[in-house]
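# Structure at a glance
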Amino acid sequence: MEIVIAGVEDSRESRDALRFARQFSDAEGAALHVVSVFADTIFVASLEEIEVSRESYFRHMQEVADEELEQPFEFHRVISTSVPAGLTSAAEEMGAGAVVIGSSHRGPIGRVLMGDEGAQFATASPCSVIVTPRGWGRGASDSIGRIGVAYNGTAEGKTALDYAAGLAKELGASLTLIGVVPHIITPGRIGLTDQGYQGILHDDMTKLLDEAVEGLGIDAGKLVATGYAADELAAASADLDLLVLGSRSYGPVRRVILGGTSVRVMRSSACPVAVVPKSSE
């Protein structure tokens, strides 16, 4: 990964994202680029007044970035029809490996919750999107040492696993594969108790994770949970520095497509969440 982008706006949540982007890009040895988007909507003002407003906004955004970042970075001024469109075009033009954005200010402290603009951007992003919990940094680790990845054996799960394993190797972080088995109520005619059938599913998931770990070439832990996927992944996030999820199975290749589970995890994760775009590679 050569370039990491941090989106900046005037909010505490954006400052959280800047701090994580600093940590993430430094660990990756990637160049950090800060992007400020001025949404060029309809103004009842003169062109001169609009120019003054833009200049004031961009100057303030650079001051925010300067306050939060202790390492060199490149600052980009983007004028676009909307913040999601501006971030998307910037990520495409720069060939970014990841874009870090902050949570919505409406969410609970210590939890991830994307706002409307963040969700719009994530759905069109050409690279991985990392969303930091609100208030990230209050007791957060100084390094990314524990990475978790949701895995279920699908093509999208394998893409997320490859991404997470690559990060773990580069960062010297531990990696945990997380598989979730749903609660099952079995029809009586199949001749198995609920507990017996649940045990079969648990064993199948354990075997799936074992096979996935064997092909990684690195040591990795395994966690098999039972319940609703979003709830179990959010619970596991409390012991992680980064949780990696795959995109939904349908949608354009090399784009992030948020599924229902991803959205729910982003409402309750206690650590930053990275959603990896679909890839044909």
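As a convention, each chain's residues are numbered from 1 in the sequence order in which they are written. Only residues with pLDDT of 70 or above have their local features reported here, since the model is predicted, and side-chain atom pairs are shown and tallied only from 80 upward, although totals for entire chains, interfaces and linings are computed over all residues. Water and hydrogen atoms were dropped before computing side-chain values, which therefore reflect all heavy atoms in the structure.

With that settled, the discussion passes to the overall build of the protein. Of the regular secondary structure elements, the protein holds eight helices and 10 strands. Whether a residue is buried, partly exposed or exposed follows from its accessible area with a 1.4 Å probe, protein chains only, as a fraction of its type maximum: under 20%, in between, or over 50%, in that order. A burial count over the protein gives 47% of its 281 residues as buried. Every residue pair with non-hydrogen atoms within 4.5 Å of one another is taken to be in contact. Within the protein, residue pairs in contact and separated by at least 24 positions form 75% of the contacts whose partners lie at least 6 positions apart. Approximately 13500 Å² of the protein is accessible, and the part contributed by carbon and sulfur atoms is 49%. The secondary structure listing takes helices from DSSP runs of H or I that are at least 4 residues long and strands from runs of E that are at least 2 residues long, numbered from the N terminus. Residue burial considers only the protein chains on display, and all accessible areas are found by Shrake-Rupley using a 1.4 Å probe.

Before going further, it helps to examine the pattern of salt bridges. Pairs can form between side chains of opposite charge once their charged atoms are near each other. Only one rule defines a salt bridge in this text: a Lys or Arg side-chain nitrogen within 4 Å of an Asp or Glu carboxyl oxygen. Overall, the coordinates contain nine salt bridges when judged by the stated rule. One salt bridge in this structure joins R54 and E51, with 3.2 Å as the shortest N-O distance. Placement of both R54 and E51 in helix α2 (residues 47-68) is noted, with a separation of three residues, approximately one turn of the helix. The class of R54 is buried, set by a relative accessible area of 12%. Exposure remark for E51: the relative accessible area of 46% places this residue in the partly exposed category. Across the salt bridge formed by D210 and K222, the nearest N and O atoms sit 3.4 Å from each other. Of this pair, D210 sits in helix α6 (residues 194-214) while K222 sits in strand β8 (residues 221-226), placing them 12 residues apart in sequence. What makes K222 partly exposed here is its relative accessible area of 42%.

Looking now at the environment of A164. Examined against the element boundaries, A164 turns out to sit in helix α5 (residues 155-171). Once the C-alpha coordinates of A164 and L177 are considered, the two residues, 13 residues apart in sequence, prove to be 9.4 Å apart.

Here we come to the pairing of strand β5 (residues 128-132). In terms of burial, β5 is a largely internal element, five of the five residues being buried. Here β5 shows two buried faces, one formed by S128, I130 and T132 and the other by V129 and V131. Strand pairing is defined by DSSP finding a minimum of two bridges between the two strands. Pairing analysis gives five bridges linking strand β4 (residues 98-102) to β5, with the strands arranged parallel. Considered in β5, the bridge of V100 is made with I130.

What follows deals with the packing of helix α1 (residues 12-28) against α5. Contact pair α1 / α5: the axes reach a minimum separation of 9 Å and the direction vectors enclose 75°. By the angle class used here, α1 and α5 are roughly perpendicular. When α1 is examined against α5, the residues F24, A27 and E28 are found in contact with a partner set consisting of Y163, L167, E170 and L171. Each axis is a line fitted through C-alpha atoms, and for a helix only the stretch in contact is used; angles between axes span 0 to 180 degrees, taken between their N-to-C directions. Orientation is classified from the angle alone, with under 35 degrees giving roughly parallel, over 145 giving roughly antiparallel, 65 to 115 giving roughly perpendicular, and any other angle giving oblique.

Before going further, it helps to examine the sheet that holds β8. The sheet built from 10 strands is open, its strands ordered β3-β2-β1-β4-β5-β10-β9-β6-β7-β8 with mixed pairing. Across the chains shown, the open sheet's two edge strands, defined by having one partner strand only, are β3 (74-80) and β8. Each neighbouring strand pair of the sheet contributes to a mean axis angle of 25°, computed without reference to strand direction. Packed on one face of the sheet, α1 meets β1 (3-7), β2 (31-39), β4, β5 and β9 (242-246) and runs near 150° to β4. Docked against the sheet, α5 engages β4, β5, β6 (146-150), β7 (174-181), β9 and β10 (273-276), running at close to 170° with respect to β6.

Each aromatic pair joins two rings of Phe, Tyr and Trp (for Trp, the six-membered one) with centres within 6.5 Å, and gets the label stacked for planes under 30 degrees apart, edge-to-face for over 60, and tilted for any other angle. Inspection of the entire model under this criterion finds four aromatic pairs. Taken together, a centroid distance of 5.9 Å and an interplanar angle of 15° make the contact between F20 and F24 stacked. Here F20 and its partner F24 are both found in helix α1, four residues apart, which amounts to about one turn of the helix. Taking the relative accessible area as the measure of exposure, F24 reaches 0% and is therefore buried. On the basis of an interplanar angle of 65° and a centroid distance of 5.7 Å, the ring pair of F38 and Y57 is categorised as edge-to-face. You can see F38 sitting in strand β2 and its partner Y57 sitting in helix α2, a full 19 residues away along the chain. Within the aromatic cluster, the residues linked to one another by ring pairs are F38, Y57 and F58.

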